[in-house]
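One letter stands for each residue in the lines below.
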Amino acid sequence: CALPIWCHFGDASESGTDEPYHGEPHLVMGGCDRLSMHHNLYTHVHSRVPGCYPDNPGLRIEFVGNVIYNYRKYPTLLSAEGGTGNVIGNCYLPGVNSHGGRRGPIEGGKGFRAFVQDNWSFGGTGHDNKIKESVEGKKKDQHILRGGPKRVEGVRTTGREPETAISESLEFAATPFDMPAIDCQPAMENVPLVLARFGALPHDGTDRRIQKEVLTGTGAWKLQIPDDGNSYEGKPLPDGDADGMPDAWEKQRGKRNLEPNGHDLDPGYENIEVWLNERAAELIAAAMPVKFVPADR
């Protein structure tokens, strides 16, 4: 079982292959039988969000609360033979590179059955032919520009539209499949939540650029890494015994030298895990809130 959560995937650049842009985050092949992917942010991706292929029979997947921006056609492909899964509360936001497809952003096959609920995809015209990025010595625009601008099809922009407006090739299940419980908000609430907390905290210049691109519907696939002017100005916390836990924090706990792997503070967690959990909670609490209004895009 694997579970990428609260991560950022995408914003890819030069791949070094005959297909210069290759933003395809998750290829799920044989050997994985249960997969939970929730509250992740995907930006400027081509496909494989995720890509579950027939050679992984019986796969069970949970794809919940994710935000996918500026995808190609049908980013989510669920075609593991005989597979099952829950696809709940995800938001697909087309961008300049998004291209209309007949089936919407979620596609299935090979008998994959999914419980599908509260997924949203907004309309728009993507695939801007004015984007002409290239890398010296490489084939220009290879696999990047295909066809002209086209309205993104398979969208669901009001609550009155059926779920099949974004996914009509899956076999639908009436009830969710058994997977570990996940706290999930409505899709529209997941967008600002994921944008505020994704990736490593605190956010840097690249993260702030990505937030702005998602919120304003800007940005595009790229072949060169942008300079976001990132710099880290923090200082390490004093840690005289080099055990990964700051001296001041250990002193607050009435201990001058806690063993990282001990259970002095919590029988269920090692001491260093208690420190990391508390630090993570501080960073999450300090994350800047994000306002998302679909009409503003």
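All values derive from a computational prediction rather than experimental measurement.

Caption draft 1: Summary view of the overall build of the protein chain. In terms of helices and strands, the protein chain carries four helices and 16 strands. Expressed as a percentage of the 297 residues in the protein chain, the buried residues total 45%. When contacts within the protein chain are restricted to residue pairs at least 6 apart in sequence, those whose partners lie at least 24 apart make up 75%. A total accessible area of about 15100 Å² is found for the protein chain, and carbon and sulfur atoms account for 51% of it.

Caption draft 2: Focus on the sheet that holds strand 3 (residues 34-38). Spatial ordering of the open sheet is given by 3-6-9-12-16, a layout of five strands whose pairing is parallel. What marks the edges here is a single partner per strand, and that holds for strand 3 and strand 16 (171-172).

Caption draft 3: Fine view of helix 2 (residues 205-216). Between the first and last C-alpha of helix 2 there are 16 Å, a value that for twelve residues agrees with the 16 Å anticipated at 1.5 Å per step. Listing the buried residues of helix 2 in full gives Gly 205, Thr 206, Asp 207, Arg 209, Ile 210, Gln 211, Glu 213 and Val 214. Contacts made by the buried residues of helix 2 are with strand 1 (8-10), strand 4 (41-43), strand 7 (67-69), strand 10 (91-93) and helix 1 (187-197). You can read the cap of helix 2 off the contacts: a side-chain oxygen lies 3.1 Å from the backbone nitrogen of Thr 206, and it is on Asp 204. Gly 217, located one to two residues past helix 2, shows a positive phi value of around 70 degrees.

Caption draft 4: Structural context of the nonpolar core. If you look at the biggest cluster of nonpolar residues, it comprises 25 residues, and the most contacted ones within it are Phe 63 and Ile 68. Where this core is concerned, the elements lending two or more residues are strand 3, strand 6 (60-64) and strand 12 (113-117). Discounting residues that sit within four places of it in the chain, Ile 68 has contacts with Tyr 42, Val 45, Val 49, Phe 63, Pro 75, Asn 90, Cys 91, Tyr 92 and Leu 93. Phe 122, Ala 187, Leu 195 and Val 290 belong to the second-largest nonpolar core, a separate cluster that totals 17 residues.

Caption draft 5: Structural view of the side chain of Glu 107. Along the polypeptide, Glu 107 turns up in strand 11 (residues 106-108). By relative accessible area, which is 12% here, Glu 107 ends up buried. Those residues in contact with Glu 107 that sit more than four places away from it in its chain are Tyr 74, Thr 76, Leu 77, Leu 78, Ser 169 and Leu 170.

Caption draft 6: Representation of the pattern of salt bridges. Within this structure, the stated rule accounts for eight salt bridges. Note that Arg 209 is salt-bridged to Asp 11, the shortest N-O span being 2.7 Å. Pair noted here: Arg 209 is in helix 2 and Asp 11 is in the loop between strand 1 and strand 2 (27-28), with a separation of 198 residues, a long-range link. Just as Arg 209 is buried, Asp 11 falls in that class too. Bridged by salt links that share partners, the residues Asp 11, Arg 209, Glu 213, Lys 222 and Asp 228 form one connected network.

Caption draft 7: Spatial organisation of the pairing of strand 12. Looking at chain direction, strand 9 (residues 84-88) and strand 12 are connected through five bridges and run parallel. For Ile 88, the partnering residue across the bridge sits in strand 12 and is Gln 117. As paired strands, strand 12 and strand 16 are joined by two bridges and run parallel to one another. What sits directly across from Ala 114, in strand 16, is Phe 172.

Caption draft 8: Spotlight on the state of the cysteines. With the rule as written, the count across this model stands at zero disulfides. Take Cys 52: it sits in no disulfide, and the sulfur closest to it among the cysteines is that of Cys 32, at 8.2 Å.

Caption draft 9: Spatial organisation of helix 1. Within helix 1, the full set of buried residues consists of Ala 187, Asn 190, Val 191, Pro 192, Val 194, Leu 195 and Ala 196. The inward-facing, buried residues of helix 1 contact strand 4, strand 7, strand 10, strand 13 (120-121) and helix 2.

Caption draft 10: Region of the structure containing the packing of aromatic side chains. Under the definition given, this model contains four aromatic pairs. Ring centres 5.4 Å apart and planes at 20 degrees place the aromatic pair Phe 9 and Tyr 42 in the stacked group. In this pair, Phe 9 sits in strand 1 while Tyr 42 sits in strand 4, placing the two residues 33 residues apart along the sequence. The buried category is assigned to Tyr 42, whose relative accessible area is 0%.

Caption draft 11: Structural detail: unusual backbone geometry. Cis peptide bonds are those with omega within 30 degrees of zero, and the linkage from Val 49 to Pro 50 qualifies with -15 degrees. Inspection of the secondary structure assignment puts Pro 50 in the loop between strand 4 and strand 5 (51-52). A cis amide bond links Leu 201 to the next residue, Pro 202, at an omega of -5 degrees. One can find Pro 202 in the loop between helix 1 and helix 2. The phi dihedral of His 44 falls on the positive side, at around 50 degrees, and the residue is not glycine.

Parameters at a glance
Residues numbered from 1 in each chain as written. Predicted model: local features only at pLDDT ≥ 70, side-chain atom pairs only at ≥ 80, totals over all residues. Heavy atoms only, no water. Helix = DSSP H or I, 4+ residues; strand = E, 2+ residues; numbered from the N terminus. Buried < 20%, exposed > 50% of the residue type's maximum accessible area, 1.4 Å probe, protein only. Contact = heavy atoms within 4.5 Å. Areas by Shrake-Rupley, 256 points an atom, 1.4 Å probe, with all protein chains shown as cover. Pairing = 2+ DSSP bridges. Expected span 1.5 Å × (residues − 1). Polar contact = N/O pair within 3.5 Å; in protein donor to acceptor, adjacent residues only side chain to side chain. Core = buried A, V, L, I, M, F, W, Y, C linked by side-chain atoms within 4.5 Å. Salt bridge = Lys/Arg side-chain N within 4 Å of Asp/Glu carboxyl O. Disulfide = S-S within 2.5 Å. Phe/Tyr/Trp six-rings, centres within 6.5 Å; stacked < 30°, edge-to-face > 60°.

These figures come from the coordinates and say nothing about function on their own.
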